[in-house]
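Examining the three-dimensional arrangement
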Amino acid sequence: EQARDELLDWHGSGMSVMEMSHRGKEYMSIQADAEADLRELMGIPANYKVLFLQGGASTQFAMIPMNLLRGKASADYLNTGVWSAKAIKEAKKFGGVNVVASSEDKSFTYAPAQEAWKLDPNAAYVHYTTNETIGGVELFWTPETGDVPLVADMSSNILSRPIDVSKFGLIYAGAQKNIGPAGLTIVIVRDDLLGQTLPGTPTMFDYKLQADNDSMYNTPPTYAIYIAGLVFKWLKAQGGVAAVEKTNIAKAQLLYDALDASGLFASHVARENRSRMNIPFTLKDSSLDGEFLKGAEARGMVQLKGHRSVGGMRASIYNAMPVEGVQKLVEYMKEFEK
Ligand SMILES: *Cc1c(COP(=O)(O)O)cnc(C)c1O
């Protein structure tokens, strides 16, 4: 609503954010505010850079090895599903990949405990996916990797709960799940990891160059950054990430309780890894899937169909989903089961 109200005239400037020069004082203040608010929300220490990039999380699958291999032969990767597998596939183009553990044995329905990981002390970094968006598998603990930098794809659970940024070498997230419009990618990187790119790394893919230019080596995705900034302000108004986490816990609990109590619906994810953001579930009789989706749509609940690779249903209940939305879904599930 705020974006609508200031669409054609941002703060009396006579300009839409879309028509501003990215080097003008108006836009510069928008980006600086967005960064300051994100730093405050996540408690990002001063020795970390915040980058506003493009290309989505998928581009980070390449940028991470290009920037962080730093002369080392290989990197460690945890394989917990679709997204970590894509990160692994891309990293193999640039160096060795050691898969420290995989949950493929149980169709990616859990995350292997750290005791089961085979970490390489000489790895350039350790990569994992904090929330597998398609499988609905979330890690609620932070791996201990000693001096080896920890790298996390937080695309689908960033800002859903407090995390200790100082435990990570690099955090990245496509904006479109929990932050704002597609087209913006957030990278938070510890500054000692910058400046040692692989030979041939394109200029735009060099974190140091992006950091030295305040993410303005070229034109940043200005409108997406502006909307992200509004979301950061909204999160602060909710009471910050700790307050948002309470709501997220309540929302997820409502839905998992309903699944556990049901004879028709079921979750297949290990209890300790049940995602608070993406909740896949199945109907015992999958021939009823279509009817369930139709009834949901008639009640204003859309896009509940699961990812084509896993089937069933998936409720994505990101920060923006109010408790009432989950209550409505749970009521409908009970009614449908009856
Ligand atoms: C959506 C998603 C991606 C891919 O993001 P793009 O921005 O579309 O490249 C990567 N990792 C995770 C965990 C995701 O949820």
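Since we're looking at a predicted model, the values are computed, not measured. (Residues numbered from 1 in each chain as written. Predicted model: local features only at pLDDT ≥ 70, side-chain atom pairs only at ≥ 80, totals over all residues. Heavy atoms only, no water.)

**Considering the sheet that holds strand β10 (residues 265-266)**
- If you walk across this open sheet you meet the three strands as β10-β11-β12, and the pairing is antiparallel. In this open sheet, the two strands that pair with only one neighbour each are β10 and β12 (313-316).
- By the bridge criterion, four bridges tie strand β11 (residues 278-283) to β12 in an arrangement that is antiparallel. Note that in β12 the partner of N278 across the bridge is S316.
- Along the sheet face, helix α7 (residues 240-261) touches β10, β11 and β12 and points at about 15° away from the line of β11. (Pairing = 2+ DSSP bridges. Helix = DSSP H or I, 4+ residues; strand = E, 2+ residues; numbered from the N terminus. Contact = heavy atoms within 4.5 Å. Axes fitted to C-alpha atoms, helices over the stretch in contact; angles between N-to-C directions.)

**Quick look at helix α9 (residues 323-337)**
- When the terminal C-alpha atoms of α9 are compared, their 21 Å separation across 15 residues agrees well with the 21 Å that a helix rising 1.5 Å per residue should span.
- Among the residues of α9, those classed as buried are V326, L329, V330, Y332, M333 and F336. Seen from one end, α9 has its buried residues packed into an arc of 165°, which puts them on one side. Counted as exposed and oriented over 90 degrees from the buried face of α9: E324, E331 and K334.
- On its buried side, α9 packs onto α7, β10, β11, α8 (289-298) and β12. (Expected span 1.5 Å × (residues − 1). Buried < 20%, exposed > 50% of the residue type's maximum accessible area, 1.4 Å probe, protein only. Arc of directions from axis to C-beta.)

**Observations concerning the site of the ligand**
- Taken together, 13 residues surround the ligand, and among them S58, T133, D153, Q176 and K177 come closest.
- In isolation the ligand offers 390 Å² of accessible surface; the protein chains occlude 88% of this area.
- The element contributing the most residues to the shell around the ligand is helix α3 (residues 56-68), with four residues.
- Of the residues contributing to the shell around the ligand, the split by class is three nonpolar, eight polar and two charged. (Near = heavy atom within 4 Å. Areas by Shrake-Rupley, 256 points an atom, 1.4 Å probe, with all protein chains shown as cover. Nonpolar A, V, L, I, M, F, W, Y, C, P; charged D, E, K, R; others polar.)

**A few points about the domain arrangement of the chain**
- Taken as a whole, the chain is organised into domain 1 (2-237) and domain 2 (241-337).
- Computed from C-alpha atoms alone, the centre-to-centre distance between domain 1 and domain 2 is 27 Å.
- With 25 residues of domain 1 at the interface, the matching set in domain 2 holds 23 residues.
- Between domain 1 and domain 2 the total buried area reaches about 1900 Å² when both faces are included, carbon and sulfur atoms providing 56% of it.
- Put simply, domain 1 and domain 2 have zero salt bridges between them.
- Here domain 1 and domain 2 share 11 residue pairs in polar contact (both at pLDDT 80 or more) between them.
- Contributing elements (two or more residues each) for the side of domain 1 that touches domain 2: β6 (137-138) and α6 (222-237).
- For the side of domain 1 that touches domain 2, the class distribution of residues is 13 nonpolar, nine polar and three charged. (Domains from an automatic or database assignment. Buried area = accessible area lost by both parts, 1.4 Å probe. Salt bridge = Lys/Arg side-chain N within 4 Å of Asp/Glu carboxyl O. Polar contact = N/O pair within 3.5 Å; in protein donor to acceptor, adjacent residues only side chain to side chain.)

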